[in-house]
Amino acid sequence: VGAGTTRPAAVMEIARLGTAWTGAAPVAGTAVFINNGNNSASSPSYLQISAGNTTEAGIYFGDSDSNGPGKILYDNNSDSLRFHTNQTERARIDSSGRLLVGTSSARVFANSATPLLQLESATLSTGLSITTNRNDAASNVLHFGKSRSATNGGFGVVSANDAFGLFRFEAADGSALIRAAEISCAVDGTPGLNDMPGRLVFSTTADGASSPTERLRIDSS
């Protein structure tokens with residue numbers, strides 16, 4: 001079936017410009033192909049699915065043995081984008097842009113911190129794996145960066161004592177998550193071009209207390 005074209009390139013092709021597609025062939029097995037003109041780089045193609053302002057709009061994936069075990073839904077009531085596999089929600093991007101994996105609601109940590117990426121599970125040990133498979137001496141890298149720029153991608157110079165890396169360990173006390181220990185990194189002096197003095201601080205929370213106390217410091221010297 002061709003809508004807007006007399007030479008459909010798939011089971012159904014929707015062509016905005018009314019001309020036959022002359023670019024790369026659609027992926028094998030493609031049932032519906034949207035053709036916005038292969039020479040129109042400034043005119044992207046969209047598939048829009050709209051629903052009522054308090055209902056869901058989505059895409060379902062299934063086979064002859066199932067009724068949509070996989071789906072991508074946008075909930076207009078909560079303004080969240082949800083991803084499902086095997087009939088179960090696995091990940092969600094909420095209205096604040098937080099990516100929640102294994103949970104449907106963001107968790108608030110000590111000092112009212114609500115991280116942008118949250119992993120949670122009631123059945124498995126929650127973990128984050130970073131693996132490199134290379135035939136050389138390179139290692140995996142986890143970067144903590146900070147600038148005083150007011151925009152993303154900036155390089156506003158930091159100041160002495162600015163903190164820019166923190167590992168925080170927290171556990172539930174029955175009503176909230178409480179800090180038990182921290183390892184932090186901060187600027188240890190006055191920075192300059194190609195000069196960034198740093199320090200590491202190790203802190204633990206004493207029995208009967210609710211916040212960590214510094215126990216060990218490695219300064220820039």
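What comes next concerns the included structure. What you see is a predicted model; the values in this text were computed from it and never measured.

Conventions we followed
The residue numbering used here restarts from 1 in each chain and proceeds along that chain's sequence as written. Where totals are concerned, whole chains, interfaces and linings use all residues; where local detail is concerned, this predicted model gives features only for residues with pLDDT of at least 70, and gives and counts side-chain atom pairs only at 80 or more. For side-chain calculations, the full set of non-hydrogen atoms in the structure is used, while hydrogens and water are omitted. If DSSP finds at least two bridges between two strands, the strands pair. Runs of H or I in DSSP of at least four residues are treated as helices and runs of E of at least two as strands, each being numbered from the N terminus. Contact definition: two residues touch when any of their heavy atoms are within 4.5 Å. Throughout this description, a polar contact denotes any pair of N or O atoms lying within 3.5 Å of each other; where both atoms belong to protein, one of them has to be capable of donating a hydrogen while the other can accept it, and for residues adjacent in sequence the pair is counted only when both atoms sit in side chains. Note on classification: 1.4 Å probe, protein chains only; a residue is buried when its accessible area is under 20% of the maximum for its type, exposed when over 50%, partly exposed between these limits. A patch consists of residues whose relative accessible area exceeds 30% and which take part in no salt bridge; residues with like charges are grouped when within 9 Å of each other, and nonpolar side chains (Val, Leu, Ile, Met, Phe, Trp, Tyr) when within 5 Å. Shrake-Rupley sampling with a 1.4 Å probe provides the accessible areas, and residues are treated as covered by the protein chains on show and by no other component. For this analysis, a salt bridge means a side-chain nitrogen from Lys or Arg found within 4 Å of a carboxyl oxygen belonging to Asp or Glu.

### Structural notes on the sheet that holds strand β3 (residues 32–35)
Remark on secondary structure: sheet strands pair via backbone hydrogen bonds, oriented parallel or antiparallel.
So, step 1. Taken in spatial order, the three strands line up as β1-β2-β3 in an open sheet, and their pairing is parallel. Edge positions in the sheet fall to β1 (2–3) and β3, since each has one partner strand and no second.
So, step 2. By the bridge criterion, four bridges tie strand β2 (residues 12–15) to β3 in an arrangement that is parallel. Paired with I14 across the strands is I34, a residue of β3.

### Observations concerning the environment of R98
So, step 1. Relative to the elements of secondary structure, R98 occurs in the loop between β7 (88–93) and β8 (99–101).
So, step 2. Note: C-alpha distance between R98 and G68 (30 residues apart in sequence) is 26 Å.
So, step 3. Residue contacts for R98: discarding those within four places in its chain leaves R92, I93, A106, T114, P115, L116 and Q118.
So, step 4. Within the structure, R98 has its side chain in polar contact with the side chain of D94 (distance 2.8 Å).

### As for unusual backbone geometry
So, step 1. Here the phi dihedral of N86 falls at roughly 50°; this positive angle occurs in a residue that is not glycine.
So, step 2. Looking at the element boundaries, N86 is found in the loop between β6 (80–85) and β7.
So, step 3. Positive phi, close to 75°, is recorded for N161, a residue that is not glycine.
So, step 4. Residue position: N161 is located in the loop between β9 (117–119) and β10 (163–172).
So, step 5. Given the relative accessible area of 52%, N161 is considered exposed.

### Comments concerning the environment of M196
So, step 1. Looking at the secondary structure, you find M196 in the loop between β11 (177–187) and β12 (198–204).
So, step 2. Separated by 10 residues in sequence, M196 and A186 place their C-alpha atoms 9.9 Å apart.
So, step 3. Excluding residues that lie within four positions of it along the chain, M196 makes contacts with V158, V187 and P191.

### Focus: a nonpolar patch on the surface
So, step 1. A cluster of nonpolar side chains, contributed by F83, I93, L99, V101, L117, L119, L128, I130, L142, F144, F167 and F169, occupies part of the molecular surface with about 1,000 Å² of accessible area.
So, step 2. If you list the elements that add at least two residues to the nonpolar patch, you get β8, β9 and β10.
So, step 3. Residue placement: L117 occurs in strand β9.

### A short note on the pairing of β7
So, step 1. Taken together, the five bridges between β6 and β7 define a ladder with antiparallel strand orientation. Looking at β7, one finds that R82 is bridged to R92.
So, step 2. A loop of two residues connects β6 with β7, the two strands running antiparallel in sequence, and N86 in this loop sits at a positive phi of about 50°.
So, step 3. Hairpin geometry of β7 and β8 is characterised by an intervening segment of five residues between the two adjacent antiparallel strands and by a positive phi of about 85° at G97.

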